[in-house]
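Chain by chain, the residues run as shown.
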Amino acid sequence: MLHGFRSFKSSANHVRHLRNRICTRGLTNEHCETSIQNGVGVLKFDTPGSKVNVLNEQFSKDCQEAFLALRDDPAASSIVMISGKPDCFIAGADIKMLAACQSKEETMALVQGGQAMMQQMEDCKKPLVAAISGSCMGGGLEVALACHYRIALDQKKTSLALPEVMLGLLPGSGGTQRLPPLIGLTNALPMMLTGAGKDAKKAKKLGLVDLVVKSLGPGVKEPSILSHEYLEKVAVDVARQLADGTLKKPSRTKSGMKGMAHNLPLYNSRVRNYVCKEAEKQVLKKTHGLYPAPIKIIDSVKAGLADPKTGYAREAGNFGDLAMTDESKALINIYFGKTQCEKNSYGKPERMPQNVAVLGAGLMGAGVATVSMDKFKKVILKDVSDTALSKGEDMVRDVFNKKVKRKKMTQFDADKAMSSLITETDYSAFKDVDIVIEAVFEDINLKHRIIKEVEANTPDHCIFASNTSALPITELAKLASALRTSSECTTSPLSLLCPFWRSSQQKPPARRPPQQQWKLV
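Just so it is clear, the model here is predicted, and its values are computed rather than measured.

Mapped onto the elements, Thr194 comes out in helix H7 (residues 185-194). Judged by relative accessible area, which is 44%, Thr194 ranks as partly exposed. In sequence terms Thr194 and Ala161 are 33 residues apart; their C-alpha atoms lie 9.5 Å from each other. Residues contacting Thr194, with those up to four places away along its chain left out, are Val165 and Met166.

Laid out in structure tokens, this is it:
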């Protein structure tokens, strides 16, 4: 379960140690709470009233205050940094705070403050352990990089990334300086230039984290809560062992052929310049020189590897330059627009949809069923014959088999997903269906007949969605009396970005009004 973790002499001693854990509370402010557990200082940050933690001015101030309190507390031999949210470590910097900066100098001052905070953490004499669960993005990963040891929970929502390039920016709190020496230049550049995330196992393989902890199954509490509590216990034990010397800090030096591939681009200027030049060529080929952020990232990395003393200043200056560009401002506006579109402006639903049915097991229907299987408890795939259903089920299974082959998911998760798929040739299983999505031939008479059949076999609250690309949803809805109707986005047949029509009435009339309210869901 644990990689690289020095286990206790026996499981009995482990259990006894956990039972005898001494915990005293310390400083508490708006975003942070500190405690001492068996001689280890635990800094738990948790933004109240929010699903995620973001690095804004007050959050950073509270975290720094809590960190300094534990750093100077003689009762704490080491420190663990962990989120109070099981699904989010730190989601990055507050974009609104960055967008509010009016000048390069103002932006640089903000970035330099973050760099100073990270440097304080890195210079801490006590072992500093980051316990990562959920999203660890941007500034959140830079916080983890400033720690001396990193532990990640192996769960679906754990992702480590530096996605600033997607906003036309670069990692500004030391990310361009700390990541290349840690995982190598050839691994660090793709992460920063694409913003791609790494799960716990891939991060361990890269050397981005030092230990992976497997998540726990259901018990007296939700699995996510149990796993998060277990992660904290493991992190405290690791921090204690680092402090008393029974566990050594991992060696960052590489040897052999892998060591040569890792070290040459870092310490040989000719090799480094060649790697960076090739990276620039690829960037310019894809962006045609219209996207300045990747070039600035490469420049910041080169400066830091050539002279670490000037690297942080170059990073801050480049960040300030990028923040004032039209490209960055446009990308940030797109981010705000996307976030606004994803918000639910209709309030809490009366009932959450649990089950979905897809009519038609062809390419469209099988694709819709596939992308629905991790969003609903039960997915029903219906067609007129067992032969058609068998082909559709094979298409769905093939998607998951490819993911298993590419190690995008485990065989267990693939089998679990497939277990939620039910194939039917009639409507006997439609009594508890919340949404029906039709993906049959573009024949209006056929679709009208299906609507009548669906209406006769589904509850009143059921929503009927059509994958039609040629027939108006209003024409299909003419025969519906109790169904809420919608039309799927026609730009991508396998997408569930559906513009749903919502009615304020409990039972919409047969003919739909010309004014339609559209919402991306």
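Across all of its chains, the model carries 22 salt bridges by this definition. Lys104 serves as the salt-bridge partner of Asp321, at 2.8 Å between the closest nitrogen and oxygen. Residue Asp321 is found in helix H13 (residues 308-323), and its partner Lys104 is found in helix H4 (residues 104-122); the two are separated by 217 residues along the sequence. Relative accessible area serves as the criterion here: at 29%, Lys104 is assigned to the partly exposed category. Two residues, Lys296 and Asp321, come together in a salt bridge whose shortest N-O distance is 3.8 Å. Separated by 25 residues along the polypeptide, Lys296 in helix H12 (residues 292-306) and Asp321 in helix H13 bring together distant segments of the chain. Put simply, Lys104, Lys296 and Asp321 are held in one network by salt bridges that share partners.

Scanning the entire structure with this criterion turns up four aromatic pairs. Aromatic pair Tyr427 and Phe430: ring centres 5.0 Å apart, planes at 75 degrees, arrangement edge-to-face. Looking at Phe430, the relative accessible area reads 0%, which means it is buried. Members of the aromatic cluster, each reached through a chain of ring pairs, are Phe45, Phe59 and Phe89. Sitting above the plane of the Tyr427 ring, Lys382 keeps its charged end 4.6 Å from the centroid.

Another aspect to go through is the confidence of the model for the protein chain. Put simply, the protein chain has an average pLDDT of 85, and 87% of its residues get 70 or more. Across residues 1-21, where pLDDT falls below 50, the model places 40 contacts with residues more than four positions away in sequence or in other chains. Within the model, pLDDT remains below 50 along residues 488-521, and this stretch shows 81 contacts once partners closer than five positions in the same chain are excluded.

The next point concerns the pairing of strand S12 (residues 378-382). For S12, the tally of buried residues reaches five of five residues, placing the bulk of the element in the interior. By the alternation rule, side chains of S12 split into Lys378, Ile380 and Lys382 and Val379 and Leu381, which are all buried. In this sheet, S12 lies alongside strand S11 (residues 355-359) in parallel orientation, the contact comprising five bridges. Within S12, the residue paired with Leu359 across the bridge is Lys382. Read as a crossover between parallel neighbours, the route from S11 over helix H15 (residues 363-372) to S12 is right-handed.

A sheet is described by the order of its strands in space; here three strands give the open sequence S5-S7-S9, paired in parallel fashion. Where the open sheet ends on each side, the last strands, each with one partner, are strand S5 (88-90) and strand S9 (159-161). Direction aside, neighbouring strands of the sheet carry axes that sit 10 degrees apart on average. Taken together, the three bridges between strand S7 (residues 135-137) and S9 define a ladder with parallel strand orientation. Within the sheet, the bridge partner assigned to Cys136 lies in S9 and is Leu160.

Criteria and cut-off values
Residues numbered from 1 in each chain as written. Predicted model: local features only at pLDDT ≥ 70, side-chain atom pairs only at ≥ 80, totals over all residues. Heavy atoms only, no water. Helix = DSSP H or I, 4+ residues; strand = E, 2+ residues; numbered from the N terminus. Buried < 20%, exposed > 50% of the residue type's maximum accessible area, 1.4 Å probe, protein only. Contact = heavy atoms within 4.5 Å. Salt bridge = Lys/Arg side-chain N within 4 Å of Asp/Glu carboxyl O. Phe/Tyr/Trp six-rings, centres within 6.5 Å; stacked < 30°, edge-to-face > 60°. Lys NZ or Arg CZ within 6 Å of the ring centre and 35° of its normal. pLDDT = per-residue confidence, 0-100. Pairing = 2+ DSSP bridges. Right-handed = clockwise from strand over helix to strand, strands pointing away. Axes fitted to C-alpha atoms, helices over the stretch in contact; angles between N-to-C directions.

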